[in-house]
Each structure stands twice: as structure tokens, then as C-alpha cells.
Amino acid sequence: MNAPVLISATSDLLALKTQWLRRLEVERQASPQTIDAYERDVRQFLTFFAGYQGRPAAPADLADLKPAEFRAFLAERRRDGAGARSLGRHLSGVRSFIRHLEREGLASGAGAASMRAPKRPKSLPRPLSVPDALAVTEEAGAGASEPWIAARNVAVLTLLYGCGLRISEALNLPGDALADPGARSMTITGKGNKQRLVPLLPAVLEAVAAYRRLCPYQLAADGPLFRGARGGQLAPGIIQREMQRLRGYLGLPDSATPHALRHSFATHLLAKGGDLRAIQDLLGHASLSSTQVYTGIEGGRLLQIYDDAHPRARRSAA
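Quick summary incoming for the structure in this document.

Conventions adopted
- Residues numbered from 1 in each chain as written.
- Predicted model: local features only at pLDDT ≥ 70, side-chain atom pairs only at ≥ 80, totals over all residues.
- Heavy atoms only, no water.
- Helix = DSSP H or I, 4+ residues; strand = E, 2+ residues; numbered from the N terminus.
- Buried < 20%, exposed > 50% of the residue type's maximum accessible area, 1.4 Å probe, protein only.
- Contact = heavy atoms within 4.5 Å.
- Phe/Tyr/Trp six-rings, centres within 6.5 Å; stacked < 30°, edge-to-face > 60°.
- Pairing = 2+ DSSP bridges.
- Salt bridge = Lys/Arg side-chain N within 4 Å of Asp/Glu carboxyl O.
- Axes fitted to C-alpha atoms, helices over the stretch in contact; angles between N-to-C directions.
- Parallel < 35°, antiparallel > 145°, perpendicular 65-115°, else oblique.
- Left-handed = near helix turned anticlockwise from the far one by under 90°.
- Nonpolar A, V, L, I, M, F, W, Y, C, P; charged D, E, K, R; others polar.
- Expected span 1.5 Å × (residues − 1).
- Arc of directions from axis to C-beta.

In this section: the environment of Gly228. Position of Gly228 relative to the elements: it lies in the loop between helix H9 (202-214) and helix H10 (236-250). Look at Gly228 and you get buried, because its relative accessible area is 14%. Leave out the neighbours within four places in its chain, and Gly228 touches Trp148, Arg152, Tyr217, Gln233 and Leu234.

Laid out in C-alpha cells, this is it:
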């Protein structure tokens with residue numbers, strides 16, 4: 001006999017959750033990905049809390065949550081295999097929901113605010129080498145079913161490496177973007193609807209122009225620039241699969257993803273003496289600390305050069 005399914009929350013609490021998600025979308029202009037992630041975080045929290053107290057959670061149950069209850073939730077998620085990054089996001093999503101309840105006069109956010117997110121292990125982005133990044137843009141599209149699809153894949157990957165774009169930023173470009181062969185920059189709308197100016201390399205304009213010439217669909221301003229095989233907006237998974245193919249073809253590591261081309265853009269600029277503040281602006285980072293991770297990559301490369309090349313380093317290692 002199947003065990004009864006425990007309902008996680010009362011209807012009035014679920015209505016408040018729907019109201020909160022709508023506020024994230026309309027007032028905060030959160031991305032669909034953020035809204036989906038936050039909805040999942042709160043759904044998991046309410047499921048945990050219902051099991052914790054043995055009945056569906058009601059608004060009154062969340063009125064004065066204590067740190068111990070948040071710690072119990074995070075401990076359960078950790079037992080389920082969630083890492084520090086996921087745990088931090090779980091806590092962020094639940095905090096946002098509790099703040100919404102607080103604005104409605106239904107809860108105190110003191111317990112959530114006192115919780116610290118688990119420390120993340122420090123990790124550096126893994127860019128491609130200059131030869132590997134160039135090989136990706138040159139070999140992209142090989143073996144594609146149609147010439148225009150090959151040109152499209154080249155254009156997208158050249159944009160990621162040549163302009164440091166996120167894949168979502170490239171795929172959201174309108175149909176009239178990059179149509180001017182004499183353009184030297186373009187405005188990109190990134191996370192949080194923040195805009196930044198990105199210089200355009202001739203290689204980027206040439207790759208997009210080649211795609212435009214071959215694309216069988218009309219690229220109007222009210223439609224997407226990059227199209228799928230049936231004419232709709234190109235899905236990120238198509239480009240991710242293209243990178244997967246290139247990893248096998250070029251012998252690249254698993255870290256060679258579309259986003260690694262953005263890391264490569266920043267790292268290669270820094271290696272050539274690029275100013276950290278300028279790179280921050282080009283990437284659209286809100287905080288300089290997000291850009292400073294690339295100094296760790298470049299510093300490691302310089303230390304390796306020193307160990308390999310400096311006479312004194314060789315003697316001390318002997």
C-alpha cells in the first residue's frame with residue numbers, strides 16, 4: 001500500500017508564493033532561470049518543513065523561523081548531495097520568500113538574515129589556451145548538415161570569444177544586430193537588464209556577416225538573430241552540443257564549454273596587459289571582485305613560466 005503524499009503547504013501559503021514569484025518577475029525583473037531556481041528552492045523548503053512539523057506549512061508557521069530550522073533544512077539538502085554553491089542559493093531563495101512575507105506583515109526575517117551561507121571552496125575559471133580558443137572558432141560547424149548552420153555555429157562561438165558574451169546574451173541578440181559592417185561597438189543587455197558597451201572585432205563582424213548571407217530566414221529586428229534549423233530562436237543546448245563535438249575533435253578538456261570562451265576572453269586580455277577595471281566593464285561584472293579571479297589564473301601562469309625558465313629556479317629545483 002502506497003504511503004500518503006504529504007501536502008507541503010496550505011492553499012493560502014501557496015497563493016503567497018505565487019504572489020512572490022510574480023513580484024520577482026515584474027518588479028525585480030528577475031530572469032526566468034532565477035525565478036525557476038527560487039521556486040524550486042522554496043518548494044524544497046516547504047516540503048522539508050511540512051515533514052519537519054508533520055503537517056502542511058501555513059503562513060503562521062513561517063512567521064518567526066529560527067536559525068536552527070534553516071540549519072536543519074540545509075543539513076538535509078547536504079545529505080542529499082547539495083554542495084556549498086547550491087546550499088547558498090537555497091538559502092538565498094528562501095530568504096527572498098521570507099522577505100516577501102515580511103513586507104506583507106506576515107513574518108519576521110530576523111532568523112533568515114542571521115544565517116550565513118556555507119563557504120564555497122575557492123575555484124578558478126578554466127579558460128582555454130589561445131591556440132585552443134582560436135581552433136574552436138575555426139573548426140566550429142565542421143560536419144554541419146547545412147552550410148548556413150556551420151556559419152551560424154562559427155558566428156556564435158566567435159562572438160563568445162571575441163566579445164566575452166554569455167551564451168544567453170549572444171542568443172538573445174535581435175535580428176538587426178551586427179548588420180553594420182562598419183560598427184565598432186554594440187550595446188549588450190546583461191544580467192539584471194544592465195547595459196554595457198562591447199567593442200567589435202573585424203573577425204566577429206565577418207563571422208556574423210557570413211552567417212547572414214547564408215541564413216535562409218529573414219532576420220528582422222523583432223526576431224532573433226541566431227536561428228534553429230526550423231527558424232525559431234537558437235537553443236543554448238545546440239551550441240553546448242557543438243562544443244561537446246569540438247572537445248572530442250580537438251582533444252579539449254571537459255572544462256571547454258561555451259562559457260569557457262568568455263573566461264578565455266578575459267584571461268587573454270589580462271595576459272596582454274588589459275586593465276582589470278576595463279575588463280570588468282567589458283564582462284558586465286557588478287563587482288570588481290568577480291573580475292579579480294582572473295588575476296589568479298594569470299598569476300599561476302606567470303609562476304609556471306618562472307619555474308620553467310628562470311635559471312635560479314632551475315638550480316633550486318635540481
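Text resumes after the structure shown.
Attention now moves to the packing of aromatic side chains. Scanning the entire structure with this criterion turns up 11 aromatic pairs. Judged by centre distance (6.2 Å) and plane angle (40°), the ring pair of Phe45 and Phe48 falls under tilted. You can see Phe45 and its partner Phe48 sitting in helix H2 (residues 32-53), 3 residues apart, about one turn around the helix. The exposure classification of Phe45 matches that of Phe48, with both residues buried. Between Trp148 and Tyr217 the ring centres are 5.8 Å apart and the planes differ by 80°, which places this aromatic pair in the edge-to-face class.

Glancing now at the pairing of strand E1 (residues 185-189). Of the two faces of E1, the one holding Met186 and Ile188 is buried and the one holding Ser185, Thr187 and Thr189 is not buried anywhere. Sheet analysis places E1 next to strand E2 (residues 195-199), joined by 5 bridges and oriented antiparallel. Pairing of Met186 across the sheet is with Val198, part of E2. Here E1 hands over to E2 after 5 residues, with Gly192 in that stretch at a positive phi of 65°.

Moving on, we get to the pattern of salt bridges. Two side chains that carry opposite charge are able to pair once their charged atoms sit near each other. Counted according to the given criterion, the structure contains 12 salt bridges. Across the pair Asp64 and Lys66 runs a salt bridge whose closest N-O atoms are separated by 2.8 Å. Residue Arg245 pairs with Glu242 through a salt bridge whose shortest N-O separation is 2.9 Å. Here Glu242 and Arg245 lie together in helix H10, a separation of 3 residues that amounts to about one turn. When salt bridges with common partners are traced through the structure, they connect Lys17, Glu39 and Arg43 into a single cluster.

Where helix H1 (residues 11-26) meets H2, the closest approach of the two axes is 10 Å, and the angle between their N-to-C directions is 160°. Our classification of the angle between H1 and H2 gives roughly antiparallel. Both H1 and H2 take part in a crossing whose hand is right-handed. Counted together, Leu13, Lys17, Trp20, Leu21, Leu24 and Glu25 of H1 and Ile35, Tyr38, Glu39, Val42, Arg43 and Leu46 of H2 form the full contact between these two elements. Split into classes, the residues belonging to the contact of H1 with H2 amount to 8 nonpolar, no polar and 4 charged.

Before going further, it helps to spend a moment on H9. What sets the pattern is the α-helix's 3.6 residues per turn: residues three or four places apart point alike. Over its 13 residues, H9 extends 19 Å from the first C-alpha to the last, a length consistent with the 18 Å expected when each residue adds 1.5 Å. The complete set of buried residues in H9 reads Val204, Leu205, Ala207, Val208 and Tyr211. In an axial view of H9, the angular spread of the buried residues amounts to 165°, which keeps them on one side of the axis. Of the exposed residues in H9, those oriented more than 90 degrees away from the buried face are Pro202, Glu206 and Arg213. Next to the buried residues of H9 lie helix H7 (147-163).

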